[in-house]
Amino acid sequence: DTARFIRQSANVWEIAPHGAMRVPAIIFASEALLRDMDDKVVEQISNVAMLPGIVKAAYAMPDAHWGYGFPIGGVAAFDPEEGGVVSAGGVGFDISCGVRLLRTGLREADLHGRQRALAAALFHDIPAGVGSHGALRLTPSEMDHMLTDGARWAVARGYGTPMDLLHTEEYGRMADADPHQVSEAAKQRQRDEMGTLGSGNHYLEVQKVSQILDANIAAAYGLHEDDIVISIHCGSRGLGHQIGTEFLREMVVAAPQHKIALPDRELACAPIDSALGQRYLGAMRAAINCALANRQILTDTTRTVFAKLLPAARLSVLYDVSHNTCKVEQHEIDGRKRKLYVHRKGATRAFGPDHPAIPEDLRPYGQPVLIGGSMGTASYVLAGTPQSMGLAFGSACHGAGRSMSRTQALKQFGGRHIVDELEQRGILIRSPSLRGVAEEAPDAYKDVTAVVAAADQAGLAHIVARLEPKICIKG
Ligand code: 5GP
Ligand code: MN
Ligand code: MN
């Protein structure tokens, strides 16, 4: 039933405001993706459109699926001058979960005869799985430094180089983080989890560039056909999850005080200008730094593994971008520049060419947008477009998006079978959990190629290169 949608263009669908909606809801998708989309997405994105101070519209990306309160693949911006809110559920529990892409300087041929050894060494050295610990144990004062300085702290401690920071969102350090707003419980959980991948959908994947779709931008990004690259997908581990859980609870309790009527208690939020809103923002930014530091340490571990096995490799960061954040950004709305609090939950920032937030050498081409597919299908690199700022505050999809729940996937797929089947296709999966592999079965996700095509055709981001998996270390 697509009757409730106004089709704005081939890949843009609008739900006009009705009931308590303050603004329209807009879904970016092809007709086929929209038809298959979870009904919950429509309900959830319409609920988001009811929140105080929301600007322009509530958006769902083509990979959208059901989430906690906000859909995964949801984007919404709020203006503090109009009573705008910040929502813990609108950021997500894995605060600053994101993807970092490393170039290696290697070609596919360089892996011949070494792929098994590389998979074994990565699996051995990259801490993965529930409750895995890193080699580091942070003292309370180091913890606060890490939460304040992010990847810059990691580089200062010898994990990686200043060049890595240049190609990381926020140049590796999220400003205005407040470690004092992070509870002892959150810090306790994170004490020995730095440099770990975590479990579930998190991965470190060795990939081959299988197709170049925009030669000009790919060259500028340093990507060529048959290049070997590495994607690291993980977030702020136990710390982010603890912060999300604690503030969500507080926001539910405080909502009546702030005179916020919640269409769904999972949408708990607080005014940006309230003490609670400010405390959350300080803690959330600290969690962003935790995620940036975590991916930086993992980069260093990966370099050490490659130095042992493939010493010709030179690992350099193309980009590191998060997909679970709330960030203060300037956006032009009807000719007026406004400071907005942009929530991206399971959505990637996708700033277009010439934006000052993009590192200088990449700036003319648009920000790299890093999109996972699954362990058995393609992943993609896209670039932010000139139109993307005006479409959904400079945002795009972050993955293929789930097409079935974990429970459903567990019923339908066997982990061992998936590992064997992929091995036949030359893809090596190494994971501490076969159950996890089943939950993450390639067929539990939407068709990533259809998702990025919709994003590209809608103008959110432009397809640059297609990647195929070779080795996947899965949490
Ligand atoms: P999320 O951040 O929502 O947990 O996951 C982001 C996206 O990563 C998912 O929508 C999915 O398309 C993709 N993904 C999940 N597992 C894997 C994997 O093992 N390899 C790759 N390349 N992508 C994955
Ligand atoms: Mn995550
Ligand atoms: Mn993620």
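Here's what I pulled together on the structure shown here. (Residues numbered from 1 in each chain as written. Chains lettered and ligands numbered in written order. Predicted model: local features only at pLDDT ≥ 70, side-chain atom pairs only at ≥ 80, totals over all residues. Heavy atoms only, no water.)

1. Thoughts on the site of ligand 1
Part 1: For ligand 1, the set of nearby residues contains 19 residues, the closest of which are N201, E205, G373, H398 and K474.
Part 2: Here an oxygen atom of ligand 1 and a backbone polar atom of G373 are 2.6 Å apart.
Part 3: One nitrogen or oxygen atom from the side chain of E440 is found 3.4 Å from a nitrogen atom belonging to ligand 1.
Part 4: Relative to its free-state accessible area of 510 Å², ligand 1 is covered by the protein chains to the extent of 94%.
Part 5: In terms of residue count, the dominant contributor to the shell around ligand 1 is strand 8 (residues 203-212) (three residues).
Part 6: In the shell around ligand 1, the residues fall into five nonpolar, eleven polar and three charged. (Near = heavy atom within 4 Å. Polar contact = N/O pair within 3.5 Å; in protein donor to acceptor, adjacent residues only side chain to side chain. Areas by Shrake-Rupley, 256 points an atom, 1.4 Å probe, with all protein chains shown as cover. Helix = DSSP H or I, 4+ residues; strand = E, 2+ residues; numbered from the N terminus. Nonpolar A, V, L, I, M, F, W, Y, C, P; charged D, E, K, R; others polar.)

2. Describing the coordination of the manganese ion (ligand 3)
Part 1: Protein coordination at the manganese ion (ligand 3) comes from C97 (SG), H233 (NE2) and H323 (NE2), with a distance range of 2.2 to 2.4 Å.
Part 2: Sequence spacing among the residues donating to the manganese ion (ligand 3) works out to C-x135-H-x89-H.
Part 3: Here the manganese ion (ligand 2) and the manganese ion (ligand 3) are spaced 3.6 Å from one another, each receiving a donor from C97. Of this pair, C97 sits in the loop between helix 3 (88-91) and strand 7 (98-107) while H233 sits in strand 9 (residues 227-234), and the two are 136 residues apart along the sequence. Neither residue differs from the other here; C97 and H233 are each classed as buried. (Donors = N, O, S within 2.8 Å, 3.2 Å for Na, K, Ca; no water. Buried < 20%, exposed > 50% of the residue type's maximum accessible area, 1.4 Å probe, protein only.)

3. Observations concerning the coordination of the manganese ion (ligand 2)
Part 1: Looking at the manganese ion (ligand 2), one finds its protein donor set to be D94 (OD), C97 (SG) and H202 (NE2), positioned 2.1 to 2.4 Å from the metal centre.
Part 2: Counting the intervening residues between successive donors of the manganese ion (ligand 2) yields the motif D-x2-C-x104-H.

4. Structural notes on empty space enclosed by the protein
One water molecule sets the probe size; rolling that probe over the atoms shows where empty space is left.
Part 1: In this structure the tally under the stated criterion is two cavities of 30 Å³ or more.
Part 2: If you add up the space inside the largest cavity, you get close to 50 Å³.
Part 3: What lines the largest cavity is simply V99, L101, Y203, Q207, S231, L370, I371, G372, S379, Y380 and L467.
Part 4: Of all the secondary structure elements, the ones that give two or more residues to the lining of the largest cavity are strand 7, strand 8, strand 15 (368-371) and strand 16 (379-384).
Part 5: Along the lines of polarity and charge, the residues of the lining of the largest cavity split into seven nonpolar, four polar and no charged.
Part 6: In this structure, the second largest cavity encloses a volume near 40 Å³.
Part 7: Lining the second largest cavity we find S96, E169, E170, M174, I288, L292, S322, T325 and K327.
Part 8: In terms of residue class, the lining of the second largest cavity is made up of three nonpolar, three polar and three charged. (1 Å grid on protein atoms, 1.4 Å probe; cavity = no way out; pocket = protein on both sides within 12 Å on 5 of 7 lines; lining within 4 Å. Points joined across faces, edges and corners; volume = space filled by probe spheres on them.)

5. Focus on the sheet that holds strand 12 (residues 324-333)
Part 1: In space, the seven strands of this open sheet follow the order 1-2-3-4-5-13-12, with mixed pairing throughout. Pairing within the sheet leaves two strands with one partner each, and these edge strands are strand 1 (6-9) and strand 12. Shown here is a sheet whose adjacent strand axes are inclined to one another by a mean of 25°, direction ignored.
Part 2: Pairing analysis gives three bridges linking strand 1 to strand 2 (residues 12-15), with the strands arranged antiparallel. By the bridge assignment, I6 is partnered in strand 2 with E14. (Pairing = 2+ DSSP bridges. Axes fitted to C-alpha atoms, helices over the stretch in contact; angles between N-to-C directions.)

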